[in-house]
Amino acid sequence: MIQQFNFNKEIDRFKRDLREKKKVFYNRKAKIIGTSKNDWQKSYLIPGSGKEFSGKDYWDRFFKIRGTQAFEWYGEYENLFECIHKYIKPEDNVLVIGCGNSKLSENMYDVCFKHITNIDLSDIVIKQMSAKNKNRKDMKYLKMDMLNVRARDWLGEIFFKWI
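To keep things clear, this report deals only with the structure shown in the data block.

Cut-off values and rules
Starting from 1, residues in each chain are numbered consecutively following that chain's sequence as written. Where totals are concerned, whole chains, interfaces and linings use all residues; where local detail is concerned, this predicted model gives features only for residues with pLDDT of at least 70, and gives and counts side-chain atom pairs only at 80 or more. Only heavy atoms go into the side-chain values, all of them from the structure, while hydrogens and water stay out. By the criteria applied, helices consist of DSSP H or I runs no shorter than four residues and strands consist of E runs no shorter than two, each listed in order from the N terminus. Using a 1.4 Å probe on the protein chains alone, a residue whose accessible area is under 20% of its type maximum counts as buried, one over 50% counts as exposed, and one in between counts as partly exposed. We call two residues in contact when some of their heavy atoms are within 4.5 Å. What makes two strands pair is DSSP finding at least two bridges between them. Here a crossover is taken to be right-handed if, once the strands point away from the viewer, the path from the first strand over the helix to the second is traced clockwise. For this analysis, a ring pair means two rings from Phe, Tyr or Trp (six-membered ring only for Trp) whose centres lie within 6.5 Å, classed as stacked if their planes differ by under 30 degrees, edge-to-face if by over 60, and tilted for the remaining angles. The rule is short: NZ of Lys or CZ of Arg within 6 Å of the ring centre and within 35 degrees of the ring normal puts a charge over the ring. Residues adjacent in sequence count toward polar contacts only when both atoms are side-chain atoms; beyond that, a polar contact is any pair of N or O atoms within 3.5 Å, and within protein one must be able to donate a hydrogen and the other to accept it. What the arc covers is the set of directions going from the helix axis to the C-beta atoms.

The helix and strand inventory of the protein chain stands at six helices and four strands. Moving toward the C terminus, one meets the helices and strands of the protein chain in the order α-α-α-α-β-α-β-α-β-β. The burial tally for the protein chain puts 32% of its 163 residues in the buried class. Pairs at least 24 apart in sequence give 55% of the contacts found in the protein chain among residues at least 6 apart.

What follows is the structure, encoded as structure tokens:
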């Protein structure tokens, strides 16, 4: 006897399976970052649109959720040191735009670059990083919107653009 295929029944089963998999996914993600399923859904780290990347609220939420775990856009010092040492001298003043909680500035400071200014939109990350690096006396963390930085204020500086 040939069983007749019921398309609507199969679609309903597929939707039910998908809902179950989605629950498992959100529960696993919530456990990883220590939040409830609802908090995870509301505060998901990936923005809804590219425009969110330019907003202070997005980055405050991002660093609040992520905590102190470093986020590296382009790679770690070990991956970038050849390029850094080729173009930047230890006596140069370095401005890191959109520093976030990257370890790159810390690594550079510990090696030989002492004059580093880090700026970011997020109050949360600036407070975290200032506290974390309080013993690195010549390295500064400033809450600042890079769109409000005047070029003449940093003339001659070396720029790292992380955004």
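Before going further, it helps to spend a moment on the pairing of strand 2 (residues 116-120). Buried residues dominate strand 2, accounting for five of its five residues. Burial along strand 2 is two-sided: Ile116, Asn118 and Asp120 and Thr117 and Ile119, pointing in opposite directions, are all buried. Looking at chain direction, strand 1 (residues 94-97) and strand 2 are connected through four bridges and run parallel. The residue bridging Ile97 from the neighbouring strand is Ile119, located in strand 2. In this fold, the crossover linking strand 1 to strand 2 by way of helix 5 (residues 104-111) has right-handed handedness. In the classification by handedness, the crossover that spans strand 2, the intervening helix 6 (residues 123-132) and the parallel strand 3 (residues 139-143) is right-handed.

To continue, consider the packing of aromatic side chains. If you walk through the whole model with that rule in mind, you get six aromatic pairs. Summarising the aromatic geometry, the rings of Phe62 and Phe63 are spaced 5.0 Å apart at their centres and angled 85 degrees between planes, so their arrangement reads as edge-to-face. For the pair shown, Phe62 and Phe63 are each scored as buried. Pairwise contacts between aromatic rings join Tyr58, Trp59, Phe62 and Phe63 into one cluster. The residue whose ring lies beneath Lys114 is Tyr109, and the NZ or CZ to ring-centre distance is 4.3 Å.

Moving on to the side chain of Asn133. Among the structural elements, Asn133 can be located in the loop between helix 6 and strand 3. We classify Asn133 as buried; its relative accessible area is 2%. A polar side-chain atom of Asn133 sits 3.3 Å from a polar atom in the side chain of Tyr141.

Taken residue by residue, helix 6 has Val125, Ile126 and Met129 as its buried positions. Looking straight down helix 6, one finds its buried side chains confined to an arc of 100 degrees; they lie on one side. Where helix 6 is buried, its residues contact helix 3 (56-66), helix 5, strand 2 and strand 3. With a side-chain oxygen positioned 3.3 Å from the backbone nitrogen of Ile124, the residue opening helix 6 is Ser122.

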